[in-house]
Number of protein chains: 2
Amino acid sequence: MSLYDLIMRRRSIRNFKDQEIPEHIIEELLDVANNAPSGGNIQPISLILVQEAKRRKELSEIVGGQPWVKNAPLSMVFCIDFYRIKKWSSMFDTDFKGENALSHFLIAYADLMCAAQNVVILAENYELGSVYVGTIQSNVDRARQYFMIPQYVLPMMVLSIGYPKSVPRNIPKFKRNVIAHKERYEVLSDDDIKKAFENKYGSFDDNVEKYLKKAFIEVVEADKQQDQKSWTELVKEEMKKLEIRNNAQFLFKLRYPSEAMVKMNENLVRAFRNAGFDFYGL
Amino acid sequence: MSLYDLIMRRRSIRNFKDQEIPEHIIEELLDVANNAPSGGNIQPISLILVQEAKRRKELSEIVGGQPWVKNAPLSMVFCIDFYRIKKWSSMFDTDFKGENALSHFLIAYADLMCAAQNVVILAENYELGSVYVGTIQSNVDRARQYFMIPQYVLPMMVLSIGYPKSVPRNIPKFKRNVIAHKERYEVLSDDDIKKAFENKYGSFDDNVEKYLKKAFIEVVEADKQQDQKSWTELVKEEMKKLEIRNNAQFLFKLRYPSEAMVKMNENLVRAFRNAGFDFYGL
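All residue numbers here refer to positions counted from 1 along the written sequence of the relevant chain. Just so you know, chain letters begin at A and ligand numbers begin at 1, following the order they were written in. For a predicted model such as this one, the threshold for reporting local features is a pLDDT of at least 70, and the threshold for listing and counting side-chain atom pairs is 80 or more; totals across whole chains, interfaces and linings nevertheless cover every residue. Side-chain calculation: all heavy atoms of the structure are included, whereas hydrogens and water are not.

A tally of helices and strands in chain A yields 14 helices and 5 strands. Against the globule reference of 19 Å for 282 residues, chain A gives a C-alpha radius of gyration of 20 Å, in line with a compact fold. With the principal axes as the frame, chain A shows a C-alpha extent of 65 × 45 × 40 Å. Partly exposed residues are those whose accessible area sits between 20% and 50% of the maximum for their type, while under 20% is buried and over 50% is exposed, using a 1.4 Å probe and protein chains only. Put simply, chain A has 282 residues, and 62% of those count as buried. Whether two residues touch is decided by their heavy atoms; if any such pair falls within 4.5 Å, the residues are in contact. Sequence separation of 24 or more characterises 75% of the internal contacts of chain A that already satisfy a separation of 6 or more. Surface accessibility follows the Shrake-Rupley procedure with a 1.4 Å probe radius. Residue values consider only the protein chains on display as shielding. For chain A, the accessible surface area stands at approximately 11,300 Å², while carbon and sulfur atoms represent 47% of it. The helix and strand labels rest on DSSP assignments: H or I over at least four residues marks a helix, E over at least two residues marks a strand, and numbering proceeds from the N terminus. For the radius of gyration, the atoms used are the C-alpha atoms, and the globule rule reads 2.2 Å times the number of residues raised to 0.38.

Here you go:
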């Protein structure tokens, strides 16, 4: 298979076999994370390998009860790590203040994602599947406490990895020219924007189960992996209550409710500050 | 070559041949960017392809005069794009407020880097080289103006791509176990931290040209690509003036001076706000 085809076939996998990943493959995954591009080659990242059953379960709870994090044989907790650099620079009569410099933070986060995406692609090459879980950002304090993460280190992304039990059908994406612009930003007309999303999502579907498979595969996957109350049913009730009538409302009234998303700022900023990160003197 | 070897051999390339990239390869690069993982599959990104000589030159100036941006046949300006989503959601009686939600911003930036790193790896496969240029974040206002980027869109990263004229020797990286932790964060002793950096950087070298090749390849590469005043000479003078005596001081007194990095916050926050992004009600 060509590398193009490999990258294009990648889907987020949320249903994993109960099968360990060989140690030599894990070592290669760590190598490509460690050798990822890094701004100024500072390498301000750490990653925590979570494989013990007890810790997988706890991590799954920390990120909001996502069963694939518990079921994946391996999760990597990717952290921005300024601890090591601050210690080192203080030993040599200088200082590093990345925790107060938004620019250092943003570049470190970019480095972190380069490392993570290297892992995603190499994993795919070994017939492994993976899924990013960003909701650790909603629970930074608890994650730091549980994994004994020191000051100046921020867990920012979880990548859960394992052998796929099932691979979801294609995920709808924009046509290439929606995101690509030539020489300058080309503002799409309202009509073109409407079409771009219509092409991507298709029409809003009265068959809710079918719709969720396309629009919110997470709830469908989660239901397959636990016995308790059905997330699909909860979403259906919520859709009715909120009178969701189209794709946009589904996304921004139900899945990512706008007001709630904005309200999370306070929690996130407080957690960052608890870890010693403060860019605004707030 | 195995995919592992391909990813491991990747180095940032800053010296490009004057050779166009075939259109079908550019299309594949766009495809893998477009098909990158995206939180909630929202795809809140755009990228601007810069190929015209005039625009390459201007972009190079916007990012601080880096000659490789001018010399690369193609640069991609990766943007967080909430414009399209805001327009769409307003057409369908809902709203998206990502510009005020730090969480949406952080996930969008992660999406953007996944897309960019997909491009980096596929480019490597076609014997292309690439280099990330993050300094567009220092000049967001001017970049937005020049590329006619509307409100709710933030240029965050440039990736310059082309056929390598030369490939730098290996870049020093930490040993794998410095960044990887098992089950919980393992705080390194001061001594281990010292050793980790010693192993990575080697000793501070009196032979400044030799040192810069290892520690600040950018200035060496830049000097090769322009006639004007020598950056290497400037750095040497600065090293003397600041009495730089070790690797840490070189990094955080000269290359990323701590106070200056913190002072950049104000500019960055203002530029974000000018683009309509404001997470803190500042």
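So much for the structure itself; the text now carries on.
Quick look at the packing of helix α5 (residues 83-91) of chain A against helix α9 (residues 190-201) of chain B now. Contact geometry for α5(A) and α9(B): axes closest at 10 Å, N-to-C directions at 90°. Judged on the interaxial angle alone, α9(B) and α5(A) are roughly perpendicular. For the pair α5(A) and α9(B), contact is made by A:Tyr83, A:Arg84, A:Ile85, A:Lys87, A:Trp88 and A:Met91 and by B:Asp190, B:Ile193, B:Lys194, B:Phe197 and B:Tyr201, respectively. Here the residues of the contact of α5(A) with α9(B) sort into 7 nonpolar, no polar and 4 charged. Orientation is described by axes fitted as lines to C-alpha atoms, over the contacting stretch for helices, and by angles from 0 to 180 degrees between their N-to-C directions. Orientation categories follow fixed angle ranges, with anything under 35 degrees roughly parallel, anything over 145 roughly antiparallel, 65 to 115 roughly perpendicular, and all other angles oblique. Under the grouping applied here, Gly and all other residues not named as nonpolar or charged are polar, the nonpolar ones being Ala, Val, Leu, Ile, Met, Phe, Trp, Tyr, Cys and Pro and the charged ones Asp, Glu, Lys and Arg.

What follows covers the interface of chain B and chain A. If you look at the interface, chain B gives 117 residues, while chain A gives 117 residues. The largest per-residue losses of area from chain B upon contact with chain A belong to B:Trp88, B:Glu183 and B:Tyr185, which jointly make up 8% of the total buried on that side. Here, a salt bridge means any Lys or Arg side-chain nitrogen found within 4 Å of an Asp or Glu carboxyl oxygen. Taken together, chain B and chain A are joined by 8 salt bridges. Close ionic contact of B:Asp190 with A:Lys87 constitutes a salt bridge, the shortest N to O distance being 3.7 Å. Any N or O atom pair separated by 3.5 Å or less is treated as a polar contact, with the protein-specific requirement of one donor-capable and one acceptor-capable atom, and with residues adjacent in sequence counted only for side-chain atom pairs. Across the chain B-chain A interface, the total number found is 60 residue pairs in polar contact (both at pLDDT 80 or more). Counting residues per element, the side of chain B that touches chain A draws most heavily on helix α6 (residues 102-125) of chain B, which supplies 15 residues. Tallied by class, residues from the side of chain B that touches chain A come to 67 nonpolar, 25 polar and 25 charged. Bridge count for strand β5 (residues 180-182) of chain A against strand β1 (residues 45-50) of chain B is 3 bridges, and the pairing is parallel. A 1.4 Å probe defines the accessible area here, and the buried area is the portion of it lost by two parts on being joined, summed over both. Any two strands with at least two DSSP-identified bridges between them are counted as paired.

Moving on: the relation of the copies chain B and chain A. Here the copies were fitted onto each other by least squares, based on C-alpha atoms from residues at pLDDT of at least 70 in both. Each copy of the sequence occupies a distinct position, and chain B is placed on chain A by a rotation of 180° and an axial shift of 0.0 Å, giving an RMSD of 0.0 Å. Viewed as a symmetry operation, the transformation between the two copies matches a two-fold axis. Interface residue correspondence from chain B to chain A reaches 100%, placing this contact among same-surface, isologous pairings.

The next thing to look at is unusual backbone geometry. Of note, the phi angle at A:Glu243 is positive, near 55°, even though the residue is not glycine. You can see A:Glu243 is positioned in the loop between α12 (231-241) and α13 (247-255). Residues other than glycine seldom take positive phi values, yet B:Tyr152 does so here, at roughly 70°. In this fold, B:Tyr152 is placed in the loop between α7 (140-146) and β4 (153-162). Accessibility expressed as a relative area gives 25% for B:Tyr152, which makes it partly exposed.

A separate point is the sheet that holds β5(A). Strand order in the open sheet made by the 5 strands is β5(A)-β1(B)-β2(B)-β4(B)-β3(B), with mixed pairing throughout. Here the strands that pair on one side only, and so sit at the sheet edges, are β5 of chain A together with β3 (129-133) of chain B. Neighbour-to-neighbour, the strand axes of this sheet turn through a mean angle of 25°, independent of strand direction. Together, β1, β2 (74-81) and β4 of chain B form the strand contacts of helix α5 (residues 83-91) of chain B, whose direction differs from that of β2(B) by roughly 40°.

What follows covers the nonpolar core. One broad rule of soluble globular proteins: the nonpolar side chains tend to lie buried together. Grouping buried Ala, Val, Leu, Ile, Met, Phe, Trp, Tyr and Cys residues that are joined through side-chain atoms within 4.5 Å yields what is termed a nonpolar core. Counting residues in hydrophobic clusters, the biggest one holds 192 residues, and the most contacted among them are A:Phe105 and B:Phe105. Element by element, the count of residues in this core is highest for α6(B), at 17 residues.

A few words on the domain arrangement of chain A. Residues and elements named next belong to chain A. Boundaries between domains were set according to an automatic or database domain assignment. Under the domain assignment used here, chain A contains domain 1 (3-167) and domain 2 (176-262). Once you take the C-alpha centre of each, domain 1 and domain 2 turn out to be 27 Å apart. Domain 1 puts 7 residues into the contact, and the matching count from domain 2 is 8 residues. Broken down residue by residue, the surface that domain 1 buries against domain 2 is led by Arg14, Pro67 and Trp68, which jointly contribute 60%. Inspection of the region where domain 1 meets domain 2 yields 1 salt bridge. A salt bridge links Arg14 to Glu218; its shortest N-O distance comes to 3.1 Å. Seen at the junction of domain 1 and domain 2, the total is 3 residue pairs in polar contact (both at pLDDT 80 or more). Among the residues making up the side of domain 1 that touches domain 2, the classes are represented as 2 nonpolar, 4 polar and 1 charged.

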